[in-house]
Amino acid sequence: AKPFNYILRRTMMRPRDLISILSRTVDAMTEKSNDPFADEAPVFDKLECDSVYAAEPGYSEWLKQELLDEWAVQQPVIRKLFQAIQSNGSTNITKEKLSEHLKNIDPDVPEVSIVGYITFLFDNSIIGFKLGASTEWRFKCFYPSQGFVESDEYRIHDGLVRALNLVEPRT
């Protein structure tokens, strides 16, 4: 991906998200230029890819905490949903796997709530769904007019992958 697209995909298209990830990237570049063990201090004309990657874990934790701060009071189940997603360990998850992991965390979670939880996750751009047979994933933050569509598989937002320790499945 082009650097700007790579950065934007990790945000939820909110100005504070972009400010946070760019600020962390600049901090990583500043640390690199102030490295007391470097033979020469690097000079940066542009954002450096390695610094974007270095900023990603801290930004991901920040984004997760932002979502928890926004929703923990109104939807306390968000903590369990994040735990269930993390237990899955993959960037992709099915309704059945989410339900299974939620039941392991809290056996009293009603089965009928799963679609409601998935809709909540989609409405807050925590997950997206694949558009038909294409390889395109739809997240509410990138396509605000997109309504929720039940799918066989969902993908966790790129900005949360590091904070939830997820890996992309390989076929």
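1. So, the sheet that holds strand E1 (residues 92-93)
Here comes step 1: Strand order in this open sheet of four strands is E1-E4-E2-E3, and the pairing throughout is antiparallel. Only two strands of the sheet have a single neighbouring strand rather than two, namely E1 and strand E3 (137-138).
Here comes step 2: Note that strand E2 (residues 127-130) and E3 share two bridges and pair antiparallel. Following the sheet pairing, Lys130 is matched in E3 by Trp137.
Here comes step 3: Contacting E2, E3 and strand E4 (154-156), helix H6 (residues 114-123) runs over the sheet at an angle of about 100° to E2.

2. Overview of the pairing of E2
Here comes step 1: In this structure, E2 lies alongside E4, joined through three bridges in antiparallel fashion. Bridge pairing links Ile127 to Ile156 in E4.

3. Examining the confidence of the model for the chain
Here comes step 1: Summary statistics for the chain give a mean pLDDT of 92 and a share of 99% for residues scoring 70 or more.
Here comes step 2: The lowest-confidence element of the chain is helix H1 (residues 3-10), averaging 92 in pLDDT; the highest-confidence one is E4, averaging 97.

Rules used throughout
- Residues numbered from 1 in each chain as written.
- Predicted model: local features only at pLDDT ≥ 70, side-chain atom pairs only at ≥ 80, totals over all residues.
- Heavy atoms only, no water.
- Pairing = 2+ DSSP bridges.
- Helix = DSSP H or I, 4+ residues; strand = E, 2+ residues; numbered from the N terminus.
- Contact = heavy atoms within 4.5 Å.
- Axes fitted to C-alpha atoms, helices over the stretch in contact; angles between N-to-C directions.
- pLDDT = per-residue confidence, 0-100.

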